[in-house]
Amino acid sequence: MKNIAIIGAGTMGNGIAHTFAQSGFKVNLIDISEESLNKGLTIIAKNLDRMVAKEAITANQKQDTLKNISTFTSISEGVKNANLVVEAATENIDLKLNIFKQLDSACSKDCILATNTSSISITQIASVTSRPDKVIGMHFMNPVPIMLLVEIIRGYNTSNSVTKTIMDLSKTLGKIPVQVNDYPGFVANRILMPMINESIETLYHGVAGVHEIDTVMTLGMAHPMGPLQLADFIGLDVCLSILRVMYDGFKNPKYAPCPLLVNMVNAGKLGIKSGEGFYDYSESKKADKISKQLIK
């Protein structure tokens, strides 16, 4: 398994590409526009520069990592020789199903198809392919180059051999894989998102303010950051999407998104990526400072 294709050059996609490339794999990073690809490569280069500054890697290792990455705007061209494709597009079921239909047609019959989805059914995604035994969830945590956990999600038809291959591959990347079964939200978000949603409910009902809620959770529960700041970092639109998947999947009101979260997303207040969420990131220095704190 030497050739890896990554679909999507956004936050997760460029982080996954960075991680594979740094581990010596040849990576084809695929997105619909050159602008998105260039932005993704710029972010990878900046993150590598931080690692060089911290003496975690050498300048030569940085250059070798960047040399391992090629970019494509065509899925069919980018996946031609891939042994593994990791889809890291927006958390939208229709988009993912469409991508997997294309991948099934364009990839070799032995290619494993993985998705970085944080909540959508692996079994449903696999159902639009002719290789459901070779479809698996590979849910990396953000920021990918730093976080050790990878949730490995087996669909209903995912084979034992494919599961073992992806578990072993994750270890090769220096990650710690944890195998879980295919239910809405898997493990990480089934536990995390209700906590974030309840924090937003606490704010919505006026029990306490943003800083107060986050301070209680950081100082009282020893969380590295508060749930509202974490929601900003994840993206409020992503949080809403995951909660909706769980609510639709379980039909349990405890997963119903807080109206405040819905309103904020509708207003375009998505967190760090939009410049404002529960916190204000509109000043570039402030945003940079908080971002650096998050990736320490």
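The rules behind the values
Residues numbered from 1 in each chain as written. Predicted model: local features only at pLDDT ≥ 70, side-chain atom pairs only at ≥ 80, totals over all residues. Heavy atoms only, no water. Salt bridge = Lys/Arg side-chain N within 4 Å of Asp/Glu carboxyl O. Helix = DSSP H or I, 4+ residues; strand = E, 2+ residues; numbered from the N terminus. Buried < 20%, exposed > 50% of the residue type's maximum accessible area, 1.4 Å probe, protein only. UniProt positions renumbered as here; feature names shortened; annotations may be inferred. Pairing = 2+ DSSP bridges. Axes fitted to C-alpha atoms, helices over the stretch in contact; angles between N-to-C directions. Phe/Tyr/Trp six-rings, centres within 6.5 Å; stacked < 30°, edge-to-face > 60°. Parallel < 35°, antiparallel > 145°, perpendicular 65-115°, else oblique. Contact = heavy atoms within 4.5 Å. Nonpolar A, V, L, I, M, F, W, Y, C, P; charged D, E, K, R; others polar. Core = buried A, V, L, I, M, F, W, Y, C linked by side-chain atoms within 4.5 Å.

S.K.: A description of the pattern of salt bridges should follow, citing residues and the corresponding values.
M.R.: Taken as a whole and judged by the stated rule, the model has 10 salt bridges. Note that Lys62 is salt-bridged to Asp49, the shortest N-O span being 2.7 Å. Of the two residues, Lys62 is situated in helix 3 (residues 59-67) and Asp49 in helix 2 (residues 34-53); the sequence distance between them amounts to 13 residues. Given the relative accessible area of 15%, Lys62 is considered buried. Accessibility expressed as a relative area gives 38% for Asp49, which makes it partly exposed. A salt bridge links Lys96 to Glu91, with the shortest nitrogen-to-oxygen separation between them at 3.7 Å. Of the two residues, Lys96 and Glu91, neither departs from the other in class, the shared state being buried. A single salt-bridge network, built from bridges that share partners, covers Glu87, Glu91 and Lys96.

S.K.: Tell me about the UniProt feature "domain: 3-hydroxyacyl-CoA dehydrogenase C-terminal" (unreviewed entry) in the protein chain, and name the residues and values.
M.R.: Following the UniProt record, one finds the feature "domain: 3-hydroxyacyl-CoA dehydrogenase C-terminal" (unreviewed entry) at residues 185-281. Taken end to end, residues 185-281 is 62% helix and 0% strand, and its two terminal C-alpha atoms sit 28 Å from one another.

S.K.: Which residues make up the sheet that holds strand 5 (residues 112-115), and what values do they have?
M.R.: Reading across from one edge, 3-2-1-4-5-6-7-8 is the order of the eight strands in this open sheet, with mixed pairing throughout. Single-partner strands in this sheet number two, and they are strand 3 (69-72) and strand 8 (176-181). Taken pair by pair, the neighbouring strands of this sheet meet at an average axis angle of 25°, ignoring direction. Where strand 7 (residues 149-154) meets strand 8, six bridges bridge the pair, whose relative direction is parallel. Pairing of Val150 across the sheet is with Pro177, part of strand 8.

S.K.: How would you summarise the packing of aromatic side chains if you had to cite specific residues and measurements?
M.R.: Working definition: an aromatic ring pair is given by the centre-to-centre distance plus the angle between the planes. For the coordinates displayed, the defined rule picks out three aromatic pairs. With centroids separated by 5.4 Å and ring planes inclined at 85°, the aromatic side chains of Phe20 and Phe25 adopt a geometry described as edge-to-face. The class for Phe25 is buried, based on a relative accessible area of 8%. Linked through ring pairs, Phe20, Phe25 and Phe140 together constitute an aromatic cluster.

S.K.: Report on the packing of helix 8 (residues 188-204) against helix 12 (residues 259-266), specifying residues and quantitative values.
M.R.: Where helix 8 meets helix 12, the closest approach of the two axes is 8 Å, and the angle between their N-to-C directions is 95°. Judged on the interaxial angle alone, helix 12 and helix 8 are roughly perpendicular. Of helix 12, the residues touching helix 8 (which contributes Asn197, Ile200, Glu201, Leu203 and Tyr204) are Pro259, Leu260 and Leu261. Of the residues that constitute the contact of helix 8 with helix 12, the class distribution is six nonpolar, one polar and one charged.

S.K.: Explain the nonpolar core residue by residue, including any values.
M.R.: Ranked by internal contacts, the top residues of the largest apolar core, which has 33 residues, are Ile6, Phe20, Leu84, Met138, Phe140 and Ile166. Considering every element that reaches this core, the biggest residue donor is helix 1 (residues 11-22), with five residues. Apart from the residues lying within four places of it in its own chain, the contact partners of Phe140 are Met12, Ile16, Phe20, Asn116, Leu149, Val150 and Leu173. Membership of the second largest hydrophobic core comes to 24 residues, among which are Leu203, Met246, Cys258 and Phe278.

S.K.: Which residues make up the environment of Lys46, and what values go with them?
M.R.: Along the polypeptide, Lys46 turns up in helix 2. Distance in space between the C-alpha atoms of Lys46 and Ile166 is 28 Å, their sequence separation being 120 residues.

S.K.: Could you give an account of the side chain of Asn197, with specific residues and numbers?
M.R.: One can find Asn197 in helix 8. Among the residues examined, Asn197 registers a relative accessible area of 4% and is labelled buried. Not counting chain neighbours up to four residues away, the residues in contact with Asn197 comprise Leu243, Lys254, Ala256, Pro257, Cys258 and Leu261.

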